[in-house]
Amino acid sequence: MQINSDYLRANFQTEAKLEKGQDDAFHAASVTAAITKVIGTEGYGSADEDEYKAFVKSMVESNLAMMKAAKDKDFAAFSDANGKVTKYCSDCQQGYQGRQGRLGGRV
């Protein structure tokens, strides 16, 4: 997730870059959405905790919004959704990184 998130932030900073790399942006956002769904499945780390479920739900929704925005070449919506994904990832890592039985590192 971190690699895709970094890639999306670094490579699609303008409307022109999103338009030129629309397929790549859509693909990276879809991979991140899929990984996010996986970390929310039963049996994964903290998947049974309400706070963690809320992080996962928010990240999935934001990734889906980013995918739609990439498909629509809507830079403002893409940028907004990408910022939300970054924030949710950061907030979640601060709460769960390094805890025994939790994420334990970058996802």
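Residues numbered from 1 in each chain as written. Predicted model: local features only at pLDDT ≥ 70, side-chain atom pairs only at ≥ 80, totals over all residues. Heavy atoms only, no water.

## Points about the confidence of the model for the protein chain
In step 1: Looking at the protein chain as a whole, its pLDDT mean stands at 86, while 90% of the residues score no less than 70.
In step 2: The element-level mean pLDDT for the protein chain is lowest in helix α5 (residues 75–96), coming to 87, with helix α2 (residues 15–20) highest at 95.
In step 3: Confidence over residues 100–107 falls short of pLDDT 50; this stretch has 23 contacts with residues more than four positions distant or in other chains. (pLDDT = per-residue confidence, 0-100. Helix = DSSP H or I, 4+ residues; strand = E, 2+ residues; numbered from the N terminus. Contact = heavy atoms within 4.5 Å.)

## Some remarks on the packing of helix α4 (residues 50–72) against α5
In step 1: With their axes 8 Å apart at the nearest point, α4 and α5 run at an angle of 160° to one another. Between α4 and α5, the angle falls in the class roughly antiparallel. Here the hand of the crossing between α4 and α5 comes out left-handed. On the side of α4, the interface is formed by E51, Y52, F55, S58, M59, S62, N63, A65, M66, A69 and A70, while α5 contributes A77, F78, A81, N82, K84, V85, Y88, C89, D91, C92 and Y96.
In step 2: For the contact of α4 with α5, the per-class residue count stands at 15 nonpolar, 4 polar and 3 charged. (Axes fitted to C-alpha atoms, helices over the stretch in contact; angles between N-to-C directions. Parallel < 35°, antiparallel > 145°, perpendicular 65-115°, else oblique. Left-handed = near helix turned anticlockwise from the far one by under 90°. Nonpolar A, V, L, I, M, F, W, Y, C, P; charged D, E, K, R; others polar.)

## Regarding the packing of aromatic side chains
In step 1: This model, assessed by the stated rule, comprises 2 aromatic pairs.
In step 2: Ring centres of Y7 and F12 lie 5.6 Å apart, and the angle between their planes is 75°; this geometry places the pair in the edge-to-face category.
In step 3: Y7 sits in the partly exposed class, given a relative accessible area of 31%.
In step 4: The exposure class assigned to F12 is buried, which follows from its relative accessible area of 6%.
In step 5: A ring pair is formed by F12 and F78, whose centres lie 6.1 Å apart and whose planes are at 75°; its orientation type is edge-to-face. Here F12 is found in the loop between α1 (2–11) and α2, whereas its partner F78 is found in helix α5, with 66 residues between them in sequence. Note on accessibility: F12 and F78 belong to one class, buried.
In step 6: Connected via pairs of aromatic rings, a cluster forms that spans Y7, F12 and F78. (Phe/Tyr/Trp six-rings, centres within 6.5 Å; stacked < 30°, edge-to-face > 60°. Buried < 20%, exposed > 50% of the residue type's maximum accessible area, 1.4 Å probe, protein only.)

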